[in-house]
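# Descriptive analysis of the structure
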Amino acid sequence: MHRAPTQGIFMTDNKYSKIIEVIKKARRFVVVSHVNPEGDAVGSLLGMYLGLKGMGKEAVPYLEDQLPPLYDFLPGSKDIVHTLEGVKDIDCTIAVDCGQADRLGDNFSSFKEKGVFLNIDHHVTNDNYGDVNLVVPEASAAGEIVYDVLKAAGAEITKGIAINLYTAIHTDTGSFRYSCSTPEAFRKAGELVSAGANPWDISVKVYENYPAARFKLLGRTLSTLEFMNNGGIAVMHVTLEAIKSSGGTKDMTDGFVNYARAIEGVEVGVLFREVKNNEYKASLRSKGRIDVSGVASLFNGGGHAHAAGFSIKGTLNEVKAKVVAELEKALNEQSAGQASRLSNEGTR
């Protein structure tokens, strides 16, 4: 873990000033995002990387895990490195779209030359791990915040940056379907389109360019579907064996959990993906009745009200029982609270 921040704060008034001050003074950067990267992580990382280069800075874009092939089309993607061996004289490290420092990866945690550590994120459960923290929970995606930072720093928003940041916002809003699709998200997306991002081209490459193995794996995963809590909770799982036998990769499961949430009557969808023997990554998606980030925090995870995740150890049956029990408790408490409010209103 990174050392306790000495000047870490949540930015309020003039919220970009400290970030911009650090960026303008620094010369050599590392830009990093979380393990198992998805669209917002990759788009934000590459948008920031290209923005720094455009400002005349030296920058290294780093991901601990391999880039999902789905995002190979993003400008700058071929510059991403997966080791920091030999990287030195770094003035500043910028983490984007990562709520907890340990999610940046075990290898990254041993990197000693971080310089000033900036944390730019939108997760409400962010643990404020940077020397300077810019955490904006109301932002639809980290890509929104990176866009604001680059503009505040005076960077030119080139076509390459626009493609990356539009992809970040587009994917984290579920193609502008999720509740985080605010007027600000639409406004910034529109500006990025004006700067060169092509919505149709990006949509085809992100959503209509999957390998056949993904659909084989999806079929295997859907066959595990179970309903609990009178149909209010839908649970699926994907094993390492299923990934291997389908010819797939772990990143192909991104978005699978949404199929569980999409079922009529389901309030929470859950996907357990086997990481290794007796260890799973749990993904939670809510339709809004409960805040799944609160449930995730019980297992040292985090995320948003409608989307959260964490890692958990145990057999499949054990982890399923633990997580479902907490979700049922949250749903029951929500129902009890709603009934109480209705009762109180009836006595007025």
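Here's what I pulled together on the structure shown here. What you see is a predicted model; the values in this text were computed from it and never measured.

Attention now moves to the nonpolar core. Counting residues in hydrophobic clusters, the biggest one holds 52 residues, and the most contacted among them are Ile-19, Met-48, Ile-94, Ile-120 and Val-149. Apart from residues lying up to four places away in sequence, Val-149 is in contact with Tyr-16, Ile-19, Ile-20, Ile-23, Met-48, Ile-120 and Leu-134. Residues Val-235, Ala-282, Leu-316 and Val-324 belong to the second largest nonpolar core, which totals 24 residues.

Bringing the packing of aromatic side chains into the picture now. Applying the stated criterion across every chain, the model contains eight aromatic pairs. An aromatic cluster of at least three residues, connected via ring pairs, comprises Tyr-62, Phe-108, Phe-111, Phe-117 and Tyr-129. Looking at Lys-114, its charged tip hangs above the ring of Phe-108, at a distance of 4.9 Å from the centre.

Right, let's get into the pairing of strand β2 (residues 58-62). Among the five residues that make up β2, four are buried, leaving the element largely enclosed by the rest of the structure. Sheet topology places strand β1 (residues 28-32) next to β2; five bridges connect them, and they run parallel. Following the sheet pairing, Arg-28 is matched in β2 by Glu-58.

On to the packing of helix α5 (residues 159-172) against helix α7 (residues 199-207). Packing of α5 against α7 brings their axes to within 11 Å, and their N-to-C directions diverge by 60°. In this view, α5 runs oblique relative to α7, as classed from their interaxial angle. When the axes of α5 and α7 are compared, the crossing they make is right-handed. Contacts from Ile-163, Tyr-166, Thr-167, His-170 and Thr-171 in α5 reach Pro-199, Ile-202, Ser-203, Val-206 and Tyr-207 in α7. Looking at the contact of α5 with α7 residue by residue, the class counts come to six nonpolar, four polar and no charged.

Turning next to the pattern of salt bridges. This structure, assessed with the given rule, holds 15 salt bridges. One salt bridge connects Arg-27 with Glu-58, and the closest N-O pair in it is separated by 3.0 Å. One end of the pair, Arg-27, is in the loop between α1 (17-25) and β1; the other, Glu-58, is in strand β2, and 31 residues separate them in sequence. Judged by relative accessible area, which is 47%, Arg-27 ranks as partly exposed. Note on Glu-58: relative accessible area 37%, which makes it partly exposed.

To continue, consider helix α8 (residues 212-222). What α8 keeps buried is the set Ala-213, Arg-214, Leu-217, Leu-218 and Thr-221. All buried residues of α8 project into a common sector of 140° when viewed along the axis, lining one side. Away from its buried face, by an angle of more than 90 degrees, α8 presents the exposed residues Ala-212 and Lys-216.

Moving on, we get to the side chain of His-122. By the secondary structure assignment, His-122 is in the loop between β4 (116-121) and β5 (132-135). In terms of polar contacts, His-122 uses its side chain to reach the side chain of Asp-40, at 3.3 Å. Polar side-chain contacts of His-122 include one of 3.2 Å to the backbone oxygen of Ala-139.

What counts and what doesn't
Residues numbered from 1 in each chain as written. Predicted model: local features only at pLDDT ≥ 70, side-chain atom pairs only at ≥ 80, totals over all residues. Heavy atoms only, no water. Core = buried A, V, L, I, M, F, W, Y, C linked by side-chain atoms within 4.5 Å. Buried < 20%, exposed > 50% of the residue type's maximum accessible area, 1.4 Å probe, protein only. Contact = heavy atoms within 4.5 Å. Phe/Tyr/Trp six-rings, centres within 6.5 Å; stacked < 30°, edge-to-face > 60°. Lys NZ or Arg CZ within 6 Å of the ring centre and 35° of its normal. Helix = DSSP H or I, 4+ residues; strand = E, 2+ residues; numbered from the N terminus. Pairing = 2+ DSSP bridges. Axes fitted to C-alpha atoms, helices over the stretch in contact; angles between N-to-C directions. Parallel < 35°, antiparallel > 145°, perpendicular 65-115°, else oblique. Left-handed = near helix turned anticlockwise from the far one by under 90°. Nonpolar A, V, L, I, M, F, W, Y, C, P; charged D, E, K, R; others polar. Salt bridge = Lys/Arg side-chain N within 4 Å of Asp/Glu carboxyl O. Arc of directions from axis to C-beta. Polar contact = N/O pair within 3.5 Å; in protein donor to acceptor, adjacent residues only side chain to side chain.

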